Amino acid sequence: FECKTSQEVLEHFHTGIKNKVMASHRLNQASSRSHSIFTLSVESVDETNPSNIIKSKLQLVDLAGSERTNLTGSNSGPAQKESIDINKSLFTLRQ
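So, here is what we can say about the structure in this document. (Residues numbered from 1 in each chain as written. Predicted model: local features only at pLDDT ≥ 70, side-chain atom pairs only at ≥ 80, totals over all residues. Heavy atoms only, no water.)

### Topic: the overall build of the chain
Next, step 1: When you go through the chain residue by residue, the secondary structure sums to three helices and four strands.
Next, step 2: In the chain, the succession of helices and strands from N to C terminus is α-β-β-β-β-α-α.
Next, step 3: Split into buried and exposed, the 95 residues of the chain put 14% on the buried side.
Next, step 4: Residue pairs in contact within the chain that sit at least 24 positions apart in sequence constitute 42% of those at least 6 positions apart.
Next, step 5: Accessible surface computed for the chain: about 7600 Å², of which carbon and sulfur atoms make up 54%. (Helix = DSSP H or I, 4+ residues; strand = E, 2+ residues; numbered from the N terminus. Buried < 20%, exposed > 50% of the residue type's maximum accessible area, 1.4 Å probe, protein only. Contact = heavy atoms within 4.5 Å. Areas by Shrake-Rupley, 256 points an atom, 1.4 Å probe, with all protein chains shown as cover.)

### Observations regarding a nonpolar patch on the surface
Next, step 1: A contiguous nonpolar surface patch, about 390 Å² in accessible area, is contributed by Ile37, Val61, Leu63 and Leu93.
Next, step 2: Here valine 61 lies in strand E4 (residues 53-62). (Patch = residues over 30% accessible without salt bridge, like charges linked within 9 Å, V, L, I, M, F, W, Y side chains within 5 Å. Salt bridge = Lys/Arg side-chain N within 4 Å of Asp/Glu carboxyl O.)

### With respect to the packing of aromatic side chains
Next, step 1: Counted according to the given criterion, the structure contains one aromatic pair.
Next, step 2: With a centroid separation of 5.0 Å and an interplanar angle of 80 degrees, the aromatic rings of phenylalanine 13 and phenylalanine 38 are classed as edge-to-face. Remark: phenylalanine 38 occurs in strand E3 (residues 36-45) and phenylalanine 13 occurs in helix H1 (residues 6-19); sequence separation between them is 25 residues. (Phe/Tyr/Trp six-rings, centres within 6.5 Å; stacked < 30°, edge-to-face > 60°.)

### Digging into the environment of leucine 63
Next, step 1: With respect to the helices, strands and loops of the structure, leucine 63 is situated in the loop between E4 and helix H2 (69-72).
Next, step 2: When the C-alpha positions of leucine 63 and histidine 35 are compared, they lie 4.5 Å apart, and in sequence the two are 28 residues distant.

### Let's talk about the environment of lysine 55
Next, step 1: Counting through the fold element by element, lysine 55 comes out in strand E4.
Next, step 2: Apart from residues lying up to four places away in sequence, lysine 55 is in contact with Val42 and Glu43.

Structure (structure tokens):
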């Protein structure tokens, strides 16, 4: 999304936060169950020299946590599969 104001940026950020998948288990009341990446790219043009463009990028990353299913109580059914999938994706990201 292209934003012209900081308010527009915050609106998109909050939309992303609302769409995050959360769940609770024995160790954590609000456990992130999905990975989230928020990328903010800024381009600034030098008014005295329009061909001089400065580009910056900031990435905020929230990774779902690695879990030991025997500690969280998620050792059966869909919750166990979800934990296994999260752990696999974290392992892949570490490579």
